[in-house]
Amino acid sequence: MKVLFYDAKPYDVDSFETQLKKYPEVEIEFLDTDINPKTARLAGGFDAICAFVSSDLSKDTLKSLHESGVHKILMRCAGFNNIDLDVARELGFIILRVPSYSPEAVAEHAMALAMSVNRRIHKEYIKVRENNFSLVGLEGLNLYGKTAGIVGTGKIGTAMARICNGFGMKVIAYDKYPNKELSFVEYKELDDVLRESDLISLHCPLTQENYHMINEKTISMMKDQVILVNTSRGELVDTNDLIAGIRAHKFHGVGLDVYEEERDNVFENREAEIMETSITARLLSFPNVIVTSHQAFFTVEALAAISETTLENAMSLQSGKFPEQNVILQ
Ligand code: NAI
């Protein structure tokens, strides 16, 4: 099984090479470049390609892979909103993914964002380096005794609910399919969760129905001085409305691991570039906003789980027996 691995970062290579020792039948060639309609042609002669959630798997790229005779894709991630599934289906692709690698990694990052922005750790880190030991502007809020609102209580939302419970918070949640194991969580309608929470954390997938679920109207329902955290998908939040809300002093803090304009930024060093759009720059200008670059998943444990499942998926491409939960298309 020969796999062409696009957009390989040093930590991917380390993690996959460690796991490869257990899978001698799989051979991987690592490429720095990501996949696009042109670079897809490099896959000719390989059995499969390996791509990520930020890879371009649009119609033209899939056509180019098809023309190169490659119809197997190993996604080393859970999300697949970057794949044109209609075209992939039409062209006969088999696509597998890693449905779950470490929900705790993402949930712990969500709480890290909430706590950092709440206690202004990002400001303090810079300030004390300049011998500025003033506390002005650093006031935080106790989370103990406050209400956490979790939107989406799947694997990650469940882990976040447990963390919030551990902080001594009351935990309320909205999900169409309540998790009955979470006895300490009170399920409510979405509007009520938004109205009653001091910390709102988004953990639902992006769908057509919840695009821009956080917008001018829903922000106006929220408590003043709420903390909002998004580690799910950028498009759940209307960024312009969020910026208006921040400017109106609605939020104590906002922590974003994902945001609408992230696609060109994710995992790239763009420090020498001039940013063409202003939304990200505007977000970064606020003292009560922290942006991280889609790094919530990024722990040693999660990387090991991703590489292991991806290699198991590669093996299953040979046997033709796919674990159902890993199949995007077959
Ligand atoms: P999951 O599939 O286990 O859970 C999603 C939950 O959301 C389900 O319980 C579902 O019923 C619920 N849901 C669906 N539509 C909803 C809606 N409109 N409103 C409220 N709840 C809704 O997914 P998991 O593993 O917990 O991941 C959640 C999301 O986290 C992913 O879809 C992905 O967008 C994001 N993610 C982010 C990562 C990062 O590094 N920042 C890494 C991995 C996932």
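Treat the numbers as computed from the prediction; the structure is a model and nothing was measured.

## A short note on the site of the ligand
Alright, step 1. Around the ligand lies a shell of 23 residues, among which Lys155, Ile156, Asp175, Thr231 and Asp257 are the nearest.
Alright, step 2. A distance of 3.1 Å separates an oxygen atom of the ligand from a polar atom in the backbone of Ser232.
Alright, step 3. Its free accessible area being 860 Å², the ligand has 83% of it covered by the protein chains.
Alright, step 4. When atoms are counted within 2 Å of each cavity's grid points, the one that captures over half of the ligand is the largest pocket.
Alright, step 5. In the shell around the ligand, the residues fall into 10 nonpolar, eight polar and five charged.

## Thoughts on the layout of surface pockets
Alright, step 1. Put simply, the largest pocket is a space of about 1,300 Å³.
Alright, step 2. As for the largest pocket, its lining consists of 44 residues, of which His203, Cys204, Pro205, Leu206 and Ser232 are closest to the centre.
Alright, step 3. Of all the secondary-structure elements, those providing two or more residues to the lining of the largest pocket are α4 (103–119) and α6 (155–166).
Alright, step 4. Sorting elements by how many residues they give to the lining of the largest pocket places α6 first, with three residues.
Alright, step 5. Of the residues that constitute the lining of the largest pocket, the class distribution is 23 nonpolar, 14 polar and seven charged.

## As for the pairing of strand β9 (residues 199–202)
Alright, step 1. By the alternation rule, side chains of β9 split into Leu199 and Ser201 and Ile200 and Leu202, which are all buried.
Alright, step 2. Across four bridges, the pairing between strand β6 (residues 147–151) and β9 is parallel. Within β9, the residue paired with Gly149 across the bridge is Ile200.
Alright, step 3. Taken together, the four bridges between β9 and strand β10 (residues 226–230) define a ladder with parallel strand orientation. Bridge assignment links Leu202 to a residue of β10, and that residue is Asn230.

## A word on the side chain of Glu262
Alright, step 1. Considering the arrangement of structural elements, one finds Glu262 in the loop between β11 (251–256) and α10 (279–284).
Alright, step 2. Buried Glu262, no salt bridge; nearest opposite-charge side chain is Arg233, N-O distance 5.9 Å.
Alright, step 3. Looking at Glu262, its side chain comes within polar contact range of the side chain of His294, at 2.7 Å.
Alright, step 4. Those residues within four positions of Glu262 in sequence are excluded, and the remaining contacts are Asp257 and His294.

Thresholds applied
- Residues numbered from 1 in each chain as written.
- Predicted model: local features only at pLDDT ≥ 70, side-chain atom pairs only at ≥ 80, totals over all residues.
- Heavy atoms only, no water.
- Near = heavy atom within 4 Å.
- Polar contact = N/O pair within 3.5 Å; in protein donor to acceptor, adjacent residues only side chain to side chain.
- Areas by Shrake-Rupley, 256 points an atom, 1.4 Å probe, with all protein chains shown as cover.
- 1 Å grid on protein atoms, 1.4 Å probe; cavity = no way out; pocket = protein on both sides within 12 Å on 5 of 7 lines; lining within 4 Å.
- Sits in = over half its atoms within 2 Å of the grid points.
- Nonpolar A, V, L, I, M, F, W, Y, C, P; charged D, E, K, R; others polar.
- Points joined across faces, edges and corners; volume = space filled by probe spheres on them.
- Helix = DSSP H or I, 4+ residues; strand = E, 2+ residues; numbered from the N terminus.
- Buried < 20%, exposed > 50% of the residue type's maximum accessible area, 1.4 Å probe, protein only.
- Pairing = 2+ DSSP bridges.
- Lys, Arg positive; Asp, Glu negative; His and termini not counted.
- Salt bridge = Lys/Arg side-chain N within 4 Å of Asp/Glu carboxyl O.
- Contact = heavy atoms within 4.5 Å.

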